[in-house]
Amino acid sequence: MEKKEKKEKKEKIQVNSLIQFNKKFPSEKICREKFREYREKNGITCPHCGCTGHYYISSIQKFQCKNCGHRQGLRANTVMHYSKLPFRYWFIAMHYITATKNAFSAAEIQRQLGHEYYRPIWNMMQKIRASLGIVNSKVVLKENVELDECYITTKIQKDLPKLNKKGEPYKHKKPYTLTKTKCIIACEALPVEQTEKQAKKYKLKYSCGNLRMIVVPDFKAETVANTLEDKIEHSAIIRSDGTHCHSELPYIFKKYHGEVIDPEELSKKLPFVHIAIGNLKALIRNVHHSVERKYLQHYLDVFCWKFNHRYSCHIFDDIMKAAVTCR
């Protein structure tokens, strides 16, 4: 069993390495052809008649419907829709997202690509984050689930008049002010299957499963219940610190265990969810420094998607599927 795990870990490192990436995608032409392969493998649907039969016209780089003759570009109805950036930019950005344990900001991606303008790179990163959010929204937590709330420091624009005292429009961007944004964090705690020798050595009863993070407008009981209803199975066992905003959860889920926990014992009774909260805050503080409130969910989705795919040996293929299917 240990040899198999070591082999899988070695394969994962080789697939996600920078050298392997440069060997597989050395030019813009190869990236374009590979993206075409992903699109054809996933299936192409005509937006006019709904037909799935297409053939590719290489001279104009478009797909033509066999039924109605409608043509759509290689980027159409994907995450690259309306984008003029090279395919290799997108591939490199997705490689950085999947190959590194930490996150990459748009400014760092711009520096690595050597692109002159920041805005197109920022738009590219936001589109990738949004596509991962669509995929991550389908994850439903099961069995034992740890639940807690947290506040993430974000920034919002100050409400200022459009014109200054002289009657002229502001030349600079509107200043920002820091605020706290409310989030719900839910994490699976799955029982660990161990031999007697492993149980004595590691003393682990549970391992961390999938993770979900959701931005909410408030911590009212009704809001929390409506938010979690379709994100956690109704047969799951919920464990939390028993705050007042969880008062409606016992009516939705099969079992709910809520008890007031001392701050010193939080890491023992709800370990995984608090580790996730700590890692998320450190990532936002160290990499992004501060994010706008309206885009916070995108950053949470990327964090959760990467965490939920941490054991995948085909994580780059997974992000490419998300890029092809989500617009």
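Residues numbered from 1 in each chain as written. Predicted model: local features only at pLDDT ≥ 70, side-chain atom pairs only at ≥ 80, totals over all residues. Heavy atoms only, no water.

Trainee: How should the layout of surface pockets be read in this particular structure?
Mentor: Gaps left between atoms are located by rolling a probe of water-molecule size over the structure's atoms. Considering only enclosed or pocket space, the second largest pocket measures out at about 490 Å³ in volume. Forming the boundary of the second largest pocket are 20 residues, of which Tyr 118, Trp 122, Lys 155, Glu 292 and Tyr 299 lie nearest the centre. Residue assignment for the lining of the second largest pocket shows that the elements contributing at least two residues are helix 5 (106-113), helix 6 (118-136), strand 4 (144-157) and helix 10 (271-288). The element best represented in the lining of the second largest pocket is helix 6, accounting for four residues. A per-class count over the lining of the second largest pocket returns nine nonpolar, five polar and six charged. (1 Å grid on protein atoms, 1.4 Å probe; cavity = no way out; pocket = protein on both sides within 12 Å on 5 of 7 lines; lining within 4 Å. Points joined across faces, edges and corners; volume = space filled by probe spheres on them. Helix = DSSP H or I, 4+ residues; strand = E, 2+ residues; numbered from the N terminus. Nonpolar A, V, L, I, M, F, W, Y, C, P; charged D, E, K, R; others polar.)

Trainee: Would you take a moment to explain the sheet that holds strand 1 (residues 54-57) for this structure?
Mentor: Backbone-to-backbone hydrogen bonds pair the strands of a sheet. The strands run either parallel or antiparallel. Pairing is antiparallel in the open sheet, where three strands are placed in the order 1-2-3. Two strands close off the open sheet at either side, each with one partner strand: strand 1 and strand 3 (71-73). Averaged over all neighbouring strand pairs, the angle between strand axes comes to 30°, with direction disregarded. Strand direction decides the pairing type here: strand 1 and strand 2 (residues 62-65), joined by four bridges, are antiparallel. Looking across to strand 2, one finds that Ile 57 is bridged to Lys 62. Contacting strand 1, strand 2 and strand 3, helix 3 (residues 28-42) runs over the sheet at an angle of about 25° to strand 2. (Pairing = 2+ DSSP bridges. Axes fitted to C-alpha atoms, helices over the stretch in contact; angles between N-to-C directions. Contact = heavy atoms within 4.5 Å.)

Trainee: Just checking my understanding: could you explain the pairing of strand 2 for this structure?
Mentor: Successive residues of a regular strand alternate their side chains across the two faces of the sheet. What sits between the antiparallel neighbours strand 1 and strand 2 is a turn of four residues, in which Gln 61 has the positive phi angle 55°. Between the antiparallel neighbours strand 2 and strand 3 lie five residues, among them Gly 69 with a positive phi of about 80°.

Don't take any of this as a statement about function, it's just geometry.
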